[in-house]
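Commentary on secondary and tertiary structure
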Amino acid sequence: MRAEKYGDYPGWIFRLNIPKPNDGVKSDSVVDSTSTVEGLQLLPKAKEDSLPNYDAPIAARHLAELCPHGASVSTTSNDGDKASKLSSGLSTNEPGQYPNPNWSWSYSSQESHSPWNVTSSKLLSVTYRPAHEAYPAYTNISKKKEYWHKSIGTCLSSGADCLCGKCLKCADPESRWGKMKRQIAGAPRTIHRVKVTYTVEDVLSIEPIVASQPLSSEESKSTKSDGKSGTQESGVWIKGVGQCHALRIRLRPKFGSTYNNDGERYGEKERSVENCGFALPDMDSWDNVSSPAWSGALSDRCGPILTFAIPCQGEEDATVLHKCPPLLWKVDHPPNPNVAVDSFLLADGTLHLHRQPSSSSAPYDYDTPTNVYIHGYQSWSFSGSVVQGKAQPKSAMPNMLSGAFNRGGMVLSENHVHGTDVDGTIEGDCWSENMETKINADNLDSEVDELNESTAFYKSDMFACVSSNGFATPQYDDERILLDEEGGPALIIGFLAQRQQFGVVLLDKNLRRFNLYACHEGVVAKRCVSSDWAYCQIVDASTYDEEAMVYYVHATANHNEACPMDKGLTYGWCSWYHYYSDIDHDSLHKNAHILEKSKKSIGFNVCLIDDGYMTAWGDWTSLKLGKFVKDGGMRVLADAIRTKGMKPGVWLAPFACDKFSKLAKDHPDWIIRNDLGRYANSANCGKFFYGLDATNPAVRKHVHDTIRRAVDEWGFEVLKLDFLYASCLEGNGKYDPTMSRAEAMHLGLRTIRAAAGNDTFIIGCGCPIGSAIGFVDGMRISCDTGPTFVPEFPFPHWDNGTLPSLRGMLRNTMSRSPFGHRWWHNDPDCILLGESTKLTDDEVISAASIVAMTGGMFLLSDDMEKVSVARLSIAKRIFPLTGVTAVPLDLHSTLNDGMPSILRLWCAEKSSLNNSDSENDVPAMQNPGKILREQASRLECEIGYTPMNVDPYGRERSCFSVAPGLGSWTVVSLSNWLDHSARLSVSFSALVAHSIGDFVAMGAPRTPRSSDTEDSPLGEMSEHGFHVFSFWSSEYVWIPHQTLVENDPLIKKLKPHETEIFHIKPADPFRPQYIGSDLHFSCGFEVDSFDWSDQYVKVSLKNDYNKKGSVYIYIPESERLNNAVVAVNGKPAYFEVAARPSMDGNCAGRVIRVHVEIKGSNDNEDGVVSIRW
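Each chain carries its own residue numbering, running from 1 in the written order of its sequence. Local features in a predicted model are, by the rule used here, given only for residues with pLDDT of at least 70; side-chain atom pairs are given and counted only at 80 or more, and totals for whole chains, interfaces and linings are based on all residues. Only hydrogens and water are set aside when side-chain values are computed; all heavy atoms of the structure are taken into account.

Quick word on the overall build of the protein
This is how it is decided: Secondary structure elements are defined from DSSP: runs of H or I of at least 4 residues count as helices, runs of E of at least 2 residues count as strands, and each element is numbered from the N terminus. When a residue's accessible area, from a 1.4 Å probe over protein chains only, is under 20% of the maximum for its type it is buried; when over 50% it is exposed; and in between it is partly exposed. Between two residues, a contact is recorded if the distance between any of their heavy atoms is within 4.5 Å. Each accessible area is a Shrake-Rupley result for a 1.4 Å probe, and residues are judged covered by the shown protein chains and nothing else.
When you go through the protein residue by residue, the secondary structure sums to 22 helices and 57 strands. By residue count, 64% of the 1173 residues in the protein fall in the buried class. Considering only contacts in the protein between residues 6 or more positions apart, those separated by 24 or more positions represent 78%. With the model as given, the accessible surface of the protein reaches about 43000 Å², and the carbon-plus-sulfur share is 49%.

Concerning the nonpolar core
The criterion, for reference: Think of a nonpolar core as a cluster: buried Ala, Val, Leu, Ile, Met, Phe, Trp, Tyr and Cys residues, connected wherever their side-chain atoms sit within 4.5 Å.
Of all hydrophobic cores here, the largest spans 201 residues; its most connected members are Tyr613, Tyr725, Trp823, Trp824 and Leu860. Sort the elements by how many residues they give to this core and helix H18 (residues 841-854) lands first, with eight residues. Filtering out sequence-adjacent residues up to four positions away, Trp824 remains in contact with Pro564, Ile769, Ala772, Ile773, Val776, Asp777, Gly778, Met779, Ile781 and Phe819. Of all hydrophobic cores here, the second largest spans 62 residues; its members include Ala64, Leu306, Trp329 and Leu491.

What to know about unusual backbone geometry
With omega at 15 degrees, the peptide bond leading from Phe793 into Pro794 counts as cis. Looking at the secondary structure, you find Pro794 in the loop between strand S35 (778-780) and helix H17 (806-815). Residues Phe879 and Pro880 are joined by a peptide bond in cis, for which omega reads -5 degrees. Looking at the secondary structure, you find Pro880 in the loop between helix H19 (869-876) and strand S38 (887-888). The phi dihedral of His821 is positive, around 65 degrees, even though this residue is not glycine. In this structure, His821 sits in the loop between H17 and strand S36 (825-827). The backbone of His1057 shows a phi angle near 65 degrees, a positive value even though the residue is not glycine. With relative accessibility at 9%, the residue His1057 sits in the buried group.

Topic: the packing of helix H11 (residues 585-597) against helix H12 (residues 633-643)
Let me state the cut-off plainly: Where helices are involved, their axes are fitted lines through C-alpha atoms of the stretch in contact, as for all axes, and angles between N-to-C directions lie from 0 to 180°. Should an angle lie under 35 degrees it is considered roughly parallel, over 145 roughly antiparallel, and from 65 to 115 roughly perpendicular; all remaining angles are considered oblique. Put simply, Ala, Val, Leu, Ile, Met, Phe, Trp, Tyr, Cys and Pro go in the nonpolar bin, Asp, Glu, Lys and Arg in the charged bin, and everything else, Gly too, in the polar bin.
Viewed as axis vectors pointing N to C, H11 and H12 meet at an angle of 10 degrees, and their least axial separation amounts to 10 Å. Relative to H12, the element H11 lies roughly parallel. On H12, the residues that touch His585, Leu588, His589, Ala592 and Glu596 of H11 are Val636, Leu637, Ala640, Ile641 and Thr643. Of the residues belonging to the contact of H11 with H12, the class tally is six nonpolar, three polar and one charged.

A word on the sheet that holds strand S34 (residues 761-764)
Under the convention used in this document: Pairing between two strands requires that DSSP report at least two bridges joining them.
Across the sheet, which stays open at both edges, the eight strands sit in the order S36-S35-S34-S33-S30-S29-S28-S37 with parallel pairing between neighbours. Unpaired on one side and paired on the other, S36 and strand S37 (858-860) mark the two borders of the sheet. Here the average twist between neighbouring strands, direction ignored, is 25 degrees. Examined bridge by bridge, strand S30 (residues 647-652) and strand S33 (residues 718-721) share four bridges and lie parallel to one another. Bridge pairing in S33 places Trp651 opposite Lys720.

Comments concerning the packing of aromatic side chains
Here is the rule: In this scheme Phe, Tyr and Trp rings, the latter by its six-membered ring, pair at centre separations within 6.5 Å, and the angle between planes marks the pair as stacked below 30 degrees, edge-to-face above 60, and tilted otherwise.
Scanning the model with the defined rule gives 39 aromatic pairs in all. Here the aromatic rings of Phe879 and Tyr1105 are separated by 4.9 Å at their centres, their planes lie at 80 degrees, and the arrangement is edge-to-face. With a gap of 226 residues between them, Phe879 in the loop between H19 and S38 and Tyr1105 in the loop between strand S49 (1096-1101) and strand S50 (1107-1116) connect regions that are remote in the sequence. Each member of the pair, Phe879 together with Tyr1105, is buried. On the basis of an interplanar angle of 70 degrees and a centroid distance of 4.9 Å, the ring pair of Phe1031 and Trp1032 is categorised as edge-to-face.

Topic: the pairing of S33
Across the two faces of S33 the burial is the same, with Val718 and Lys720 and Leu719 and Leu721 all buried. In this sheet, S34 lies alongside S33 in parallel orientation, the contact comprising four bridges. When the bridges of S34 are listed, Val718 appears paired with Phe761.

A few points about the sheet that holds strand S52 (residues 1131-1133)
What the five strands build is an open sheet, ordered S48-S49-S57-S51-S52; its pairing is antiparallel. Each edge of the sheet is formed by a strand with only one pairing partner; in this case those strands are strand S48 (1087-1092) and S52. Ignoring which end each strand starts from, the neighbouring axes of this sheet average 20 degrees apart. Pairing geometry for S49 and strand S57 (residues 1168-1172), over five bridges, is antiparallel. The residue of S57 that forms the bridge with Tyr1096 is Arg1172.

Thoughts on the environment of Leu451
Counting through the fold element by element, Leu451 comes out in the loop between strand S20 (430-433) and strand S21 (458-461). The spatial distance from the C-alpha of Leu451 to the C-alpha of Asn515 is 6.3 Å, given a sequence separation of 64 residues. Sequence-distant contacts of Leu451, that is, excluding residues within four places in its chain, are made with Ala456, Leu506, Leu507, Asp508, Arg513, Phe514, Asn515 and Tyr517.

What about helix H15 (residues 741-756)?
We apply this condition: One less than the number of residues in a helix, times 1.5 Å, gives the span that helix is expected to have.
The end-to-end C-alpha distance of H15, which contains 16 residues, comes to 23 Å, matching closely the 22 Å that a straight helix rising 1.5 Å per residue would cover. The element H15 is largely enclosed, with a buried count of 15 among its 16 residues. Gly757, located one to two residues past H15, shows a positive phi value of around 85 degrees.

Considerations on the pattern of salt bridges
Going by this rule: Within this document, salt bridges are pairs made up of a side-chain nitrogen of Lys or Arg and a carboxyl oxygen of Asp or Glu, the two lying within 4 Å of each other.
Tallied over the full model, the rule gives 41 salt bridges. In this structure, Lys390 engages Asp897 in a salt bridge whose closest nitrogen and oxygen atoms are separated by 3.2 Å. Of this pair, Lys390 sits in the loop between strand S18 (384-387) and helix H8 (399-406) while Asp897 sits in the loop between S38 and strand S39 (902-909); the two residues are 507 residues apart in sequence, bridging distant segments of the chain. One network of salt bridges, with partners in common, ties together Arg635, Asp639, Arg642 and Glu717.

Details of the side chain of Thr127
One can find Thr127 in strand S9 (residues 124-130). Of the residues examined, Thr127 reaches a relative accessible area of 4% and is grouped as buried. For Thr127, the residues in contact, after removing those within four places along its chain, are Arg193, Val194, Lys195, Ala340, Val341, Asp342, Ser343 and Leu412.

Let's talk about the confidence of the model for the protein
The condition that has to hold: pLDDT gives the predictor's per-residue confidence on a scale running from 0 to 100.
Averaged over every residue, the pLDDT of the protein is 77; residues scoring 70 or more account for 70%. In the model, residues 1-8 has pLDDT below 50 throughout and makes 18 contacts with residues more than four positions away in sequence or in other chains. Contacts from residues 256-270, a stretch scored under 50 in pLDDT, to residues over four places away or in other chains number 34 contacts.

Some remarks on the environment of Ile305
Turning to its location among the elements, Ile305 is positioned in strand S14 (residues 305-311). Taking C-alpha positions, Ile305 is 5.2 Å from Asp332, a pair spaced 27 residues apart along the chain.

Considerations on the state of the cysteines
Selection rule: Pairs of cysteine sulfur atoms within 2.5 Å are identified as disulfides in what follows.
Within this structure, the stated rule accounts for zero disulfides. No disulfide involves Cys244; its sulfur sits 6.0 Å from that of Cys312, the nearest cysteine.

Right under this line is the structure:
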């Protein structure tokens, strides 16, 4: 029935083409005893009764298809006639419609106007090394060799006996001189990697898993796979994505799996995860795809298993079909203790462009990739969009000082090329040394080799997003800001999680080829080795508003069980940027006292003690003598902060220790070692330090006890946990060689959360981004801020890595803003107000503006006694934050090294958003926590793929509610990140909604492209133009309706590093309107209520905090205005005329300014402005 109904489905379809006969019953068609693949000898012929029966049909050709409406495996004879079908779900394609046999699978849209499709030339490539070469005993150098290396490991002579390592004789590692040089200098032993490629030629069987009917979310979650072949009635369920149709593909083995543990001859025993003395909470299932039971004939005669899935689309919810469903897939590799897995290549992909119908209005024929969003490994790593062909911004520091900061997954290539001999290979069931075998040329890529670390032009961790700005080539304009919503399609490729491995996306210079790797980096395959779910989605230009990545971010949040809205916003102070490590009891107590007195201006709720209280990292209970109370010093501080009405917070680096610490001296076996047996390089943050091995149960017990002490004994409620990447440094010198770096990080974070408990607010810092989702409440998403806009001498100012600077902090804060309140509360780092920095007023205002617009955590870090009134007023004018994250409109199209220039928020009356008249619809939300919970009620329903409940592309997330009567408007920040003044130009139509309906809960349509429609009807409220108010400069201007009709740009000249916040509201000349204020950046969030008639206006401002400034109100023209009576706080006052907008050629009214001072007394008349005429 499904095949008949959806056989002509025009949407996205995954296709797998088997171009040659593949008989799953006869043994001689499964393997060939004489064939070899890249030096790997295949299994000998097996007896027929020893092979598993997959019930695969005998046919000349197979075609597997998968789409949101079903899955099928069809078979045809060589002449193209339909022969049989293994399982229904799609109709069989007509002859001649098979994919190109030069690639293994395709994901394409059947609609002619779809601009992009993807293919992969391979199903899978696996890079191996012998298991014993993954153990430290193989690669470590002895102390004797280290002594020789230091003594005579340099060139001793020239000519025939040269050991310089530079000449041809020394450069050849297998030459006599090369081997001698390695022995003397203590170089590591060669690691023999080899790559095995699986294509459609290697498919044993294909099993469709078709859901018979859509399930509810609860039913889907409870569904479990029975582990048997055949159709699962429930389909496949993936957390964060939902119910899926799927194809399970079994690949033929390419080497045996007889157990022969080579690790034992190197003194390595198999290790189980010992009891650490504490219990880790159980983790919910990520999917219902059980790992195969690798035993018996299946283990001997089946290689890796691939599972491809696409979210279901049932008949009853076809009206809300997601136009661009993602393709998801994963690999399960059978156990083989004789090999170690370095990486899986899950896609050797190509992006195909399709010509669009040309027209006079269309500016292009192709949607050419023009930008790529690069995502960095951890908190401090570069993230942002890069123009196609432009070099990826990187750290300017040498790898020795910064490599570990940015080194996520590493793609380790095989160590041989075609036509050369290798020093090791797999022979039968074991990997033996000194076995020279030629590489089989038939298995090499006949066209273009796979991308690797040295050949790829771009590298992105976890995921990447390739996009088009809507032009055939990148368009450069010093003034015009290109907008994402005016551009073309986007490709999102990556992983839903980083639990099993660190994922890497490699791309070529033209953004047309990509490789997706799951990097395990030498995991000994004593158990099944799996990848996390890979993700591929092409988003058409007509299906997203501002954020092409929005669906991926939603799905990833739910897949990792992120609950960012469980805890309130953080407004706090941190000791680091003024005191650094020079802190003591008195300075902390002094600032806590000032924060308490300032709570009527800024409601601080956290006071955080940063690094500097301990004698050494790792020795957390050893406080600096003479600077803290001797007995219970940390508890004394925590209790003092709590009595002042704030949550006490403390800094820890639980997986790090100083070289001179007592911990390092007592437990050297806890420290991660590199492949040479030396302590692994942690990079330099002003000093080198050691990383503690999270795979070691003793280390986890130490971390657990450290966290519990801070929470229970010391009494801290907020933990800032730094340098977390130190738990998974590169190197095979770790306790458990069967765990990848990502698995170690995941286990470490589980330990931290179990120790801290669910009530403790955890801020992650220096942490791999993907690993932290679901474990932390706040997350540093940028490098450290600094006292200068760019790194200052002696540091290189051109650095785009991890050096402290305001520019790096702002870039990542904007480029990672889509994660805010979806994965966690974004921590953009502190705002520095003190005059001791070299930041200009414009730069401080820019920092405050970006923090306010992105709506994450709010932290100051100055000696509060020395902050000037003028600088402190900047912070007061953005407090409280709204808890709503703005959308960067040029996130994917910026031309400025990943620095977006324009952010947008929506503001709408609460009654418009909820359409409810209940008593609970009270607009006045004076408590930031209540505001956050109100937003959470809408935001949490957006997390995950729930097409039947909410539009994940709607604008609700970036819209906050305001008091009835205020109307609806946009808040837009515009920034000049150049080092000189510039006139910035942005399309005015992008700054306003097309109708008042665009502000309601279900989301608004995107700005149409010129080729989409000739007529874009505008809402009735825009026909009289727009009020535009500039917040920081307190300037007003009226923009006529014709500006929007003709799509004229908004042009603003800004000084270097200056930001302005604009408020754009549809004008109504016949009623009073609230224009804004200089009290709060939103120009509306500060209002408790707004009442008006044709004779009066009453504005009640929220009076929780002391504020002083002016409000701006539009009042229709009337002669009685000259005798208007003004009252502020119940006392007589006056107004000034700020502007007289001329609407329709006549003076329609006046914009008046009234000065107001809010006492913060909660008195009924405090903050009330009334005008009667």
